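The lines below spell out each chain.
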Amino acid sequence: MKRLAILASGNGTNLQAIIDAVESGRLEAQIALVLSDRSNAYALSRAERHGIMPQLLVRTEKNKAEYFRLLLESVEKANVDLIVLAGFMKILPAFFIEKYENRIINIHPSLLPAFGGRGLYGSKVHRAVMESGARITGCTVHFASHDVDGGPIIEQMCMEVRDIDTEETIAERIHEIEHVALVKALSLVLSGNYEIRGKRVIRKA
Ligand code: GRF
């Protein structure tokens, strides 16, 4: 059984979607590690509620220089096959990405390559979408690469931007499709039934 590490900084609804899919047998995987960088992340309580003892690794003045080495150490100790960034608010450094090349999955709340990259996260993404006048938005699940939000795209789902939408209503509906897209992407990656060609993730017949 493949082992997952899930890193989350916030509410953890995407973590919850993975937990639910694993518990219901829709995803054949074991959650070996849930880790957060924020002590008030609700994701921590979600893990506990499902019998997973989460780890907390906060970046402090003291551990600043070695933070990502400590993070890598935790992940390696858990002996995982895949890492899921489920709303993890830190950009992983190159040495970390290289160590887990094409084994780190990120979810982003826009249709990449639009509205992604450094500085575009959370409500900033939805604000940028609204200001652009785009009529369609969505979410993207992709492999993490050196290029922030620029790795090979595994799965995308789209939705309409309605005239009455606000950043909040967009965020709410995007979360709903994220949960579906993330489980779908994970299921493909866990199956191993794909090939990465450049930026494309090609399904094998
Ligand atoms: C999601 O919108 C995801 O795309 C982004 O962070 C958010 C996390 O939401 N990277 P949640 O904590 O899983 O509810």
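Whatever comes next refers back to the structure up there.
Residues numbered from 1 in each chain as written. Predicted model: local features only at pLDDT ≥ 70, side-chain atom pairs only at ≥ 80, totals over all residues. Heavy atoms only, no water.

Chemist: Can you lay out the environment of serine 110 for me, pointing to particular residues and giving the numbers?
Modeler: Mapping serine 110 onto the fold places it in the loop between β5 (104–108) and α5 (123–132). Dropping the residues within four chain positions of it, serine 110 is found in contact with Phe115, Gly116, Val125, Thr137, Gly138, Cys139 and Thr140. (Helix = DSSP H or I, 4+ residues; strand = E, 2+ residues; numbered from the N terminus. Contact = heavy atoms within 4.5 Å.)

Chemist: Go over the packing of aromatic side chains with me, naming the residues and quoting the values.
Modeler: Both the distance between ring centres and the angle between the ring planes are used here to describe each pair of aromatic rings. A complete count under the given rule lists three aromatic pairs for this structure. Centre to centre, the rings of phenylalanine 96 and tyrosine 100 are 6.1 Å apart; their planes meet at 35°, and the pair counts as tilted. On the basis of relative accessible area, phenylalanine 96 is assigned to the buried category, the value being 0%. The ring of tyrosine 67 has arginine 59 lying over it, and the distance from NZ or CZ to the ring centre is 5.7 Å. The aromatic ring of tyrosine 67 is capped on one face by lysine 90, whose charged end is 5.5 Å from the ring centroid. (Phe/Tyr/Trp six-rings, centres within 6.5 Å; stacked < 30°, edge-to-face > 60°. Buried < 20%, exposed > 50% of the residue type's maximum accessible area, 1.4 Å probe, protein only. Lys NZ or Arg CZ within 6 Å of the ring centre and 35° of its normal.)

Chemist: Describe in detail the side chain of aspartate 149, supporting the description with residues and values.
Modeler: For aspartate 149, the location among the structural elements is in the loop between β6 (136–143) and β7 (153–160). Buried within the structure, aspartate 149 lacks any salt-bridge partner; its nearest side chain of opposite charge belongs to arginine 118, at an N-O separation of 9.2 Å. Here the side chain of aspartate 149 touches histidine 108 through a polar contact of 3.5 Å, side chain to side chain. From its side chain, aspartate 149 meets the backbone nitrogen of glycine 117 in a polar contact 2.8 Å long. Once you skip the residues sitting within four places of it in the chain, aspartate 149 turns out to touch Asn106, His108, Leu112, Gly116, Gly117, Leu120 and His142. (Lys, Arg positive; Asp, Glu negative; His and termini not counted. Salt bridge = Lys/Arg side-chain N within 4 Å of Asp/Glu carboxyl O. Polar contact = N/O pair within 3.5 Å; in protein donor to acceptor, adjacent residues only side chain to side chain.)

Chemist: I'd like a rundown of the nonpolar core, residues and numbers included.
Modeler: Ile18, Ile105, Ile154 and Leu186 are the most contacted members of the largest nonpolar core, which has 44 residues in total. Element by element, the count of residues in this core is highest for helix α6 (residues 167–191), at 11 residues. Contact partners of isoleucine 154, with chain neighbours within four places excluded, come to Ile105, Val141, His142, Phe143, Ala185, Leu188, Val189, Val201 and Arg203. Judged by nonpolar contacts, the second largest core, of 21 residues, contains Ala5, Phe68, Leu72 and Ile104. (Core = buried A, V, L, I, M, F, W, Y, C linked by side-chain atoms within 4.5 Å.)

Chemist: I'd like a description of the layout of surface pockets, backed by residues and values.
Modeler: In this model, the largest pocket occupies a volume close to 880 Å³. Forming the walls of the largest pocket are 42 residues, and the residues nearest its centre are Gly87, Phe88, Met89, Ile107 and Tyr121. Looking at the lining of the largest pocket, the elements that each hand over two or more residues are α1 (13–23), α4 (94–99), β5, α5 and α6. Residue contributions to the lining of the largest pocket peak at four residues, all from α6. Across the lining of the largest pocket, the residue classes tally to 18 nonpolar, 19 polar and five charged. (1 Å grid on protein atoms, 1.4 Å probe; cavity = no way out; pocket = protein on both sides within 12 Å on 5 of 7 lines; lining within 4 Å. Points joined across faces, edges and corners; volume = space filled by probe spheres on them. Nonpolar A, V, L, I, M, F, W, Y, C, P; charged D, E, K, R; others polar.)

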